[in-house]
Amino acid sequence: MFADFLKRLTQPEPAQLPDEDARLALTALLVRVARSDESYDADERALIDRIAAERYGLSPFEASALRGHAEQLESEAPDTVRFTRAIKDSVPFEARIGVIEALWQVVLADGERDEAEDALLRMVAPLLGISDVDSAMARQRVAKD
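What counts, and at which threshold
Residues numbered from 1 in each chain as written. Predicted model: local features only at pLDDT ≥ 70, side-chain atom pairs only at ≥ 80, totals over all residues. Heavy atoms only, no water. Helix = DSSP H or I, 4+ residues; strand = E, 2+ residues; numbered from the N terminus. Areas by Shrake-Rupley, 256 points an atom, 1.4 Å probe, with all protein chains shown as cover. Phe/Tyr/Trp six-rings, centres within 6.5 Å; stacked < 30°, edge-to-face > 60°. Lys NZ or Arg CZ within 6 Å of the ring centre and 35° of its normal. Salt bridge = Lys/Arg side-chain N within 4 Å of Asp/Glu carboxyl O. Buried < 20%, exposed > 50% of the residue type's maximum accessible area, 1.4 Å probe, protein only.

### A look at the overall build of the protein
Looking only at helices and strands, the protein features 8 helices and 0 strands. Traced from its N-terminal end to its C-terminal end, the protein shows the element sequence α-α-α-α-α-α-α-α. Summing over all exposed atoms, the protein offers an accessible surface of approximately 7700 Å²; the carbon and sulfur share of this is 49%.

Dropping the structure here:
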């Protein structure tokens with residue numbers, strides 16, 4: 001189902017994604033982080049729905065549908081390195097900072113920084129062109145909320 005989308009996303013020089021595709025790709029990253037600790041529960045799905053609804057102005061139904069598509073995309077997506085680099089090349093920097101904040105929301109949702117989730121964020125941030133300092137600042141902003 002997502003083969004054409006993934007092919008476009010992982011081209012040597014992908015074009016900037018249309019908003020709808022960028023939403024899907026970025027939500028798939030949220031799903032990947034949530035699944036990284038091998039515990040993907042209803043609370044995490046609800047949080048991803050809430051993030052998507054707030055970030056993109058979606059209804060709860062639309063956010064849930066987006067997450068469902070993102071779950072499928074995430075399961076079909078290539079390794080995290082290629083997937084994330086492709087997003088970096090096709091999504092504006094400002095949107096990527098917001099994604100790091102959303103990823104930290106998912107990581108910190110249960111009040112614990114799981115090693116697998118933490119390691120994935122440490123890998124994903126630079127692949128998205130986000131410095132360790134900017135990622136740490138994003139984490140601090142999220143932790144305050």
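### Some remarks on unusual backbone geometry
The bulk of non-glycine residues show a negative phi, and the bulk of peptide bonds are trans. One non-glycine residue, Glu38, lies in positive phi territory at about 65°. With respect to the helices and strands, Glu38 occurs in the loop between helix 2 (19-35) and helix 3 (42-56).

### A short note on the packing of aromatic side chains
Following the criterion strictly, the structure yields 0 aromatic pairs and no others. Over the ring of Tyr40 we find Arg45, and its NZ or CZ is 5.3 Å from the ring centre. The ring of Trp104 carries the charged tip of Arg139 above its face, separated from the ring centre by 5.4 Å.

### Describing the pattern of salt bridges
Within the structure shown, the criterion is met by 6 salt bridges. The shortest N-O distance in the salt bridge between Arg32 and Glu74 comes to 2.9 Å. Note that Arg32 is positioned in helix 2 and Glu74 in helix 4 (residues 60-76), a separation of 42 residues in sequence. By relative accessible area, which is 9% here, Arg32 ends up buried.

Geometric descriptors of this kind do not, in isolation, establish any biological role.
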